[in-house]
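Listed here are the chains, written in short residue letters.
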Amino acid sequence: MNALKRHRRLDAIWSSQPGWKGWFSTVNHSDVGRMFLATAFFHFLVGGVLAMLIRAQLATPHSAFAGPEIYNQLFTMHGTIMMFLFAIPTFEGLAIYLLPKMLGTRDLAYPRLTAYGFWCYFFGGAMLLLSLVLGIAPDGGWFMYPPLTGPIYSPGINTDFWLIGITFVEISAICAAVEFTVSILKYRAPGMSLAKMPIFAWYALVTSLMILTGFPPLILGSILLEVERAFGLPFFQAEHGGDSLLWQHLFWLFGHPEVYIIFLPAAGVVSTIIPVMARTTLLGYGWVVAAVVALAFLSFGLWVHHMFATGIPHMGLAFFSAASTLVAVPTGIQIFAWIGTLWKGRPQLHLPMLHILGFFVTFVIGGLTGVMVAVVPFDWQVHDTAFVTAHLHYVLFGGFVFPMLAAIYYWLPLATGRKRFFRLGEVAFALVFFGFHLTFLAMHWVGLMGQRRRIPTYAPEDGWTTINLISSIGGFIMAIGLAIVLLEVVLHMTTRHRVARNPWRSGSLEWAMTLPPPAYNFASLPHVEGRDPLWADEALAVRLARGEGYLGDPPDGQRETLTVDIATGDPDYHVVYPANTRLPIVFSAVTGLFFLSLLLKVYWLTPLAVAGVAAVGWGWVWTLGRREDPGTQDVGRGVRLPSSDSVARSPGWWGSLFLLVANATFFGSLLFGYAFLWTVAPDWPPPALIAPSLFVVAVALAGAAFGVAGIALADRANRRGGAPVSGLGIALLGTLGSAAAFAWLMIGTPDPAGHAYGATLFVLGAYGLFHAALAVLMTCFLIARLRSGFMAPGRAAGLPIVGLWMAYLALVTVPILLAAYLPWVLA
Ligand code: HEM
Ligand SMILES: [Cu+2]
């Protein structure tokens, strides 16, 4: 087969339906990545317009441009959109687009999940934007503190848009994080050991693990607050045994890591681009990886520095203040690695480099003001002033937007296959850089003079007028700069100036393909020997196109790739991907219906939506199986691999494992909340405690044990060629028992609406019931599979996955029972 014929063949297999119709059915990572980035950029524009409205209001004293109600919506939506609908999705889009290309493979681990995540983001974002258009947008600030956002002070629907819309959007973050983790660990080019991975993949891996452990506290907090608002379960109301500070803990348990979740991918872009611009390799690769991992760990011990003004004990203040300054160490290591790389190379001042210099200056200043507010007395002084707003923009704009602008200019030739023609970028950079510093230096200053954040007006006597006007003018200069960037990107995509392959002379695999990249990325997969495969072999792209790598002989109609051993990068399994389908958008629409029914309080629709989710989910998983044994496959270069459907540690198993990591963090946060209320909130212990029931304990424990043992038996029988039917029966019995026990626990909970004790127990019981019901559903699924002839010794992937969920159910059963009965035992 010659290169052209191979290309035609692969293109027929991989490309999506042409035209706009293709958007709804594509599951290809290049398509979905671009859709993500375009949507995120649109949100950036909306957030930017809101910022301009804020600055317009603050430009003059006593301005009547936006009244307090509107102003509250403006800054809340600005912060919310920038954080949740722009920054995180931009990382997701960039990584979805780039990772498979950099790792030398054809797609991410779960193509349909990529698309599902996008649609959840799209619909959730649309929900929030709709609230803005209707003038009923959230107005409690981007961190939504109760009691202000509780049912008493914010009775309207505004807050519900935030709690429900953001939770909907966060599904996409969790999906993407699971997907990136598994893809980076398993879906790489053969030979690419962990130590040979492109540095961006390390950053993306750490960021994904942080999303998995950082987002669940927020999701939990949002659910609890929404349940309090909708059904009156008082988690955050002091007069009913709740505590509004619990929200602050949950929020910042998420919120501080969030800042690093935004910064790390940007740092990954910087670590990728600097060596290329300096024509050398990254100095201290191992050190940088270690620093990133350290930063991730540290960032989970810092959340309290957002709460220095809430009356934390002195020891706590000292600890969190010291921990906060400690962050400077791993950040410093990275900055020295970047400077050292520039030092040892021959840096060239191309446009991406200009933005990286902008990043350096801005981010270092943001880091310095960060060390200032880590000092408790100083923080008390500037708390809630424009100084803090200015600091956070130096970190977020400096640490994220500048690197992303560098990324745009760096990877645009890859995505379009064209080169820049109108040299507008340099002017744009100057305007953005100058405008940014004018805006936010001024805000530091006026903040130190006492101007508070989130307040729409000030008086001429305050003496803040000139500084605010300067700040606003700066803001508009920056906006013009950003508009020019947009103009240039549009021009770039419409003018025909073809770029040569690998214009920056990078050593990384994403440049080893024809530009713009075909839907299948690589006609055959490379064998990687070092960190810069393209430097080692300049003709690599041509050789891959000729089919000299792996999987160069595509069988008809089958999207295929291979996975590797996590550490060594030796190829281990052959993978067949699902093709284009509308299932993701349908699934996400049904998921959206669930959230919508809660938002609009049409509760009769909720159970229908849940049933819809279960039904579509069932259909989704059903299509994954095969009725015939796949056997081993010839993947080229003399290698034969078993199919990933036939092994215990299948892609689905790894995905479940990391989803359960997120789930366990959610559960841990729930237990934390319970313990926090128990020890800190007033009015504990509550009037009536639930007494231990031997029946519930016995049935719950036996149910969990039956579930685990049943699946293990079934798995063993299946692998030995026997029928797993008795094992599945035992598991079904056990999971039904579990469900009954948790339902009983919920029914027996005293007065959930009267006291936070009952409310928390009720939620713990519901959590158990949910997982037991899920386990029942999964067992039924396996039984149906067995009856339809999908189960055989050579197709063993399903049972270990369900086994994992059973083990998790057993794992959470014990703490739930302890939480339920310990207060009574102690009392
Ligand atoms: C495009 C240029 C931007 C301008 C001119 C701008 C301006 C502002 C201003 C003036 C405020 C303070 C409102 C007040 O407290 O009264 C604010 C708040 C905020 N901004 Fe920006 N911003 C910009 C970009 C960004 C970006 C890129 C991010 C994040 C990635 C961001 C995140 C936030 C957050 C989280 C708040 C706090 C909202 C709250 O207090 O609830 N901003 N912005
Ligand atoms: Cu922080």
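Here is what the cut-offs are and how they apply
Once a new chain begins, its residue numbering starts again from 1 and follows that chain's sequence as written. Key to labels: chains lettered from A, ligands numbered from 1, both in the order written. Totals for whole chains, interfaces and linings use all residues, but because this is a predicted model, local features are given only for residues with pLDDT of at least 70 and pairs of side-chain atoms are given and counted only at 80 or more. The side-chain figures draw on all heavy atoms in the structure; neither hydrogens nor water molecules are used. Working definition: helices are DSSP H or I runs of at least four residues, strands are E runs of at least two. Numbering for both runs from the N terminus. Radius of gyration means the value over C-alpha atoms here, while the globule rule gives 2.2 Å times the residue count to the 0.38 power. Summary of the burial criterion: residues with accessible area below 20% of their type's maximum are buried, those above 50% are exposed, and those between are partly exposed, where the area comes from a 1.4 Å probe applied to protein chains only. For Na, K and Ca the donor cut-off is 3.2 Å, while for other metals it is 2.8 Å, and in both cases only N, O and S atoms qualify; water is not among them, so sites may look incomplete. A four-donor site is classed as tetrahedral when every donor-metal-donor angle falls between 85 and 135 degrees; four donors are called square planar, and six octahedral, when trans pairs exceed 155 degrees and all remaining angles lie between 65 and 115, with any other arrangement labelled irregular. Put simply, a residue is near a molecule or strand once any heavy atom of it comes within 4 Å of that molecule or strand. For this analysis, a polar contact is any N or O atom pair within 3.5 Å, provided that within protein one partner can donate a hydrogen and the other can accept it, and provided that sequence-adjacent residues contribute only side-chain to side-chain pairs. The salt bridge criterion pairs a side-chain nitrogen of Lys or Arg with a carboxyl oxygen of Asp or Glu, the two atoms within 4 Å. Delimitation of the domains relies on an automatic or database domain assignment. Only heavy atoms enter the contact rule, under which two residues are in contact if any of them lie within 4.5 Å. In this description, buried area is defined as the sum, over both parts, of the accessible area (probe of 1.4 Å) that is lost when the two are combined. Residues are grouped as follows: Ala, Val, Leu, Ile, Met, Phe, Trp, Tyr, Cys and Pro are nonpolar; Asp, Glu, Lys and Arg are charged; all remaining types, including Gly, are polar. UniProt positions are given in the numbering used here, feature names are shortened, and annotations may be inferred rather than shown by experiment. Only Phe, Tyr and Trp rings take part, Trp by its six-membered ring, and two of them pair if their centres are within 6.5 Å. Stacked means planes under 30 degrees apart, edge-to-face means over 60, and tilted covers everything else. Only when the NZ of Lys or the CZ of Arg is both within 6 Å of the ring centre and within 35 degrees of the ring normal is a charge said to sit over the ring. A helix's residues, less one, multiplied by 1.5 Å, set its expected span. Only buried Ala, Val, Leu, Ile, Met, Phe, Trp, Tyr and Cys residues count toward a nonpolar core, and they belong to the same one when joined by side-chain atoms within 4.5 Å. What counts as a disulfide here is a pair of cysteine sulfur atoms lying within 2.5 Å.

## Side note on the overall build of the protein chain
Across its full length, the protein chain carries 25 helices and four strands. Against the compact-globule benchmark of 28 Å for 827 residues, the protein chain has a radius of gyration of 27 Å, which places it among compact chains. Across its three principal directions, the C-alpha atoms of the protein chain cover 85 × 80 × 45 Å. Looking at the 827 residues of the protein chain, the share that counts as buried comes to 59%.

## Regarding the coordination of the iron atom of ligand 1
Around the iron atom of ligand 1, the protein supplies His 78 (NE2) and His 393 (NE2) as donor atoms, at distances of 1.9 to 2.0 Å. Here the iron atom of ligand 1 is ringed by six donor atoms whose angles at the metal span 89 to 180°, and the overall shape comes out octahedral. Taken together, the positions of His 78 in helix 4 (residues 68–103) and His 393 in helix 14 (residues 386–416) put the pair 315 residues apart, joining distant regions of the chain. When its relative accessible area of 13% is taken as the criterion, His 78 is described as buried. The exposure class of His 393 is buried, given its relative accessible area of 17%.

## Let's talk about the site of ligand 1
The environment of ligand 1 is formed by 23 residues, the closest being Tyr 71, His 78, Trp 142, His 393 and Arg 454. Separating an oxygen atom of ligand 1 from a backbone N or O atom of Trp 142 is a distance of 2.8 Å. A distance of 3.0 Å separates an oxygen atom of ligand 1 from a polar atom in the side chain of Arg 453. Sorting the residues of the shell around ligand 1 by element identifies helix 3 (29–58), helix 4, helix 14 and helix 15 (425–448) as the ones contributing at least two each.

## Overview of the pattern of salt bridges
Taken as a whole and assessed by the stated rule, the structure comprises ten salt bridges. The shortest N-O distance in the salt bridge between Glu 426 and Arg 420 comes to 3.1 Å. Arg 795 is the salt-bridge partner of Asp 629, the closest N and O atoms lying 2.8 Å from each other. Of this pair, Asp 629 sits in the loop between helix 20 (605–622) and strand 3 (633–636) while Arg 795 sits in the loop between helix 24 (756–787) and helix 25 (798–826), and the two are 166 residues apart along the sequence. The structure contains a network of salt bridges with shared partners spanning Asp 537, Arg 543, Arg 546 and Glu 548.

## Topic: the domain arrangement of the protein chain
Many analyses report the size of an interface as the accessible area lost when the parts associate. Its domain assignment divides the protein chain into domain 1 (25–264 + 552–657) and domain 2 (685–826). On a C-alpha basis, the centres of domain 1 and domain 2 stand 27 Å from each other. Counting from both sides, the interface comprises 29 residues of domain 1 and, opposite them, 26 residues of domain 2. Both faces considered, domain 1 and domain 2 share a buried interface measuring about 2200 Å² in area, 67% of it formed by carbon and sulfur atoms. Counting across the domain 1 and domain 2 interface gives one salt bridge. Our count for the domain 1 to domain 2 interface comes out at eight residue pairs in polar contact (both at pLDDT 80 or more). A per-class count over the side of domain 1 that touches domain 2 returns 14 nonpolar, ten polar and five charged.

## Concerning the coordination of the copper ion (ligand 2)
Coordination sphere of the copper ion (ligand 2), protein contribution only: His 256 (ND1), His 305 (NE2) and His 306 (NE2), at 1.7 to 2.0 Å. Coordination of the copper ion (ligand 2) draws on donor residues from a single chain, spaced H-x48-H-H in sequence. Highlighted residues: His 256 in helix 8 (residues 244–277) and His 306 in the loop between helix 9 (285–299) and helix 10 (314–326), separated in sequence by 50 residues.

## Concerning the UniProt feature "domain: Cytochrome oxidase subunit I profile" (unreviewed entry) in the protein chain
In the numbering used here, UniProt assigns the "domain: Cytochrome oxidase subunit I profile" (unreviewed entry) feature to residues 14–529. In the segment residues 14–529, helix accounts for 68% and strand for 0%; the C-alpha atoms at its two ends are 27 Å apart.

## Quick look at the packing of aromatic side chains
Scanning all chains against the criterion turns up 70 aromatic pairs. Ring geometry for Phe 402 versus Phe 436: centroids 6.3 Å apart, planes at 75°, classification edge-to-face. Here Phe 402 is found in helix 14, whereas its partner Phe 436 is found in helix 15, with 34 residues between them in sequence. Across the pair, exposure class does not vary: Phe 402 and Phe 436 are buried alike. Grouping aromatic residues by their ring pairs yields a cluster made of Phe 84, Trp 142, Phe 143, Tyr 145, Trp 162, Phe 215, Phe 235, Phe 236, Trp 247, Phe 251, Trp 252 and Phe 254. Arg 531 extends its terminal NZ or CZ atom over the ring of Tyr 285, reaching a point 3.4 Å from the ring centre. Taking NZ or CZ as reference, Arg 649 lies 4.1 Å from the ring centre of Trp 653, over its face.

## Here we look at the environment of Met 127
Within the fold, Met 127 resides in helix 5 (residues 111–133). On a C-alpha basis, the gap between Met 127 and Trp 162 in space is 9.1 Å, while along the polypeptide they are 35 residues apart. With near-sequence residues (within four places) excluded, Met 127 lies in contact with Phe 161, Ile 164, Gly 165, Phe 168, Phe 595, Leu 596 and Leu 599.

## Details of helix 4
Along its 36 residues, helix 4 runs 50 Å from first to last C-alpha, staying within 8% of the 52 Å computed at 1.5 Å per residue. With 32 of 36 residues buried, helix 4 is to be regarded as a mostly interior element. Following helix 4 by one or two positions, Gly 104 adopts a phi angle in the positive range, close to 75°.

## Description of the nonpolar core
Ranked by internal contacts, the top residues of the largest apolar core, which has 245 residues, are Leu 99, Trp 162, Phe 180, Ile 184, Phe 251, Trp 338 and Trp 411. Taken together, domain 1 (25–264 + 552–657) and domain 2 (685–826) each give at least three residues to this core, which thus spans both. Excluding anything up to four places from it in sequence, Trp 411 contacts Leu 98, Met 102, Val 269, Thr 272, Glu 510 and Trp 511. Counting residues in hydrophobic clusters, the runner-up holds 13 residues, among them Tyr 116, Phe 168, Val 590 and Phe 595.

## Points about the state of the cysteines
In this structure the tally under the stated criterion is zero disulfides. Free of any disulfide, Cys 120 has its nearest cysteine sulfur in Cys 175, 6.2 Å distant.

## A closer look at the side chain of Thr 495
With respect to the secondary-structure elements, Thr 495 resides in the loop between helix 16 (465–494) and helix 17 (533–536). Thr 495 gets classed as buried once you look at its relative accessible area, which sits at 18%. Polar contacts involving the side chain of Thr 495 include one to the main-chain carbonyl oxygen of Leu 491, which spans 2.9 Å.

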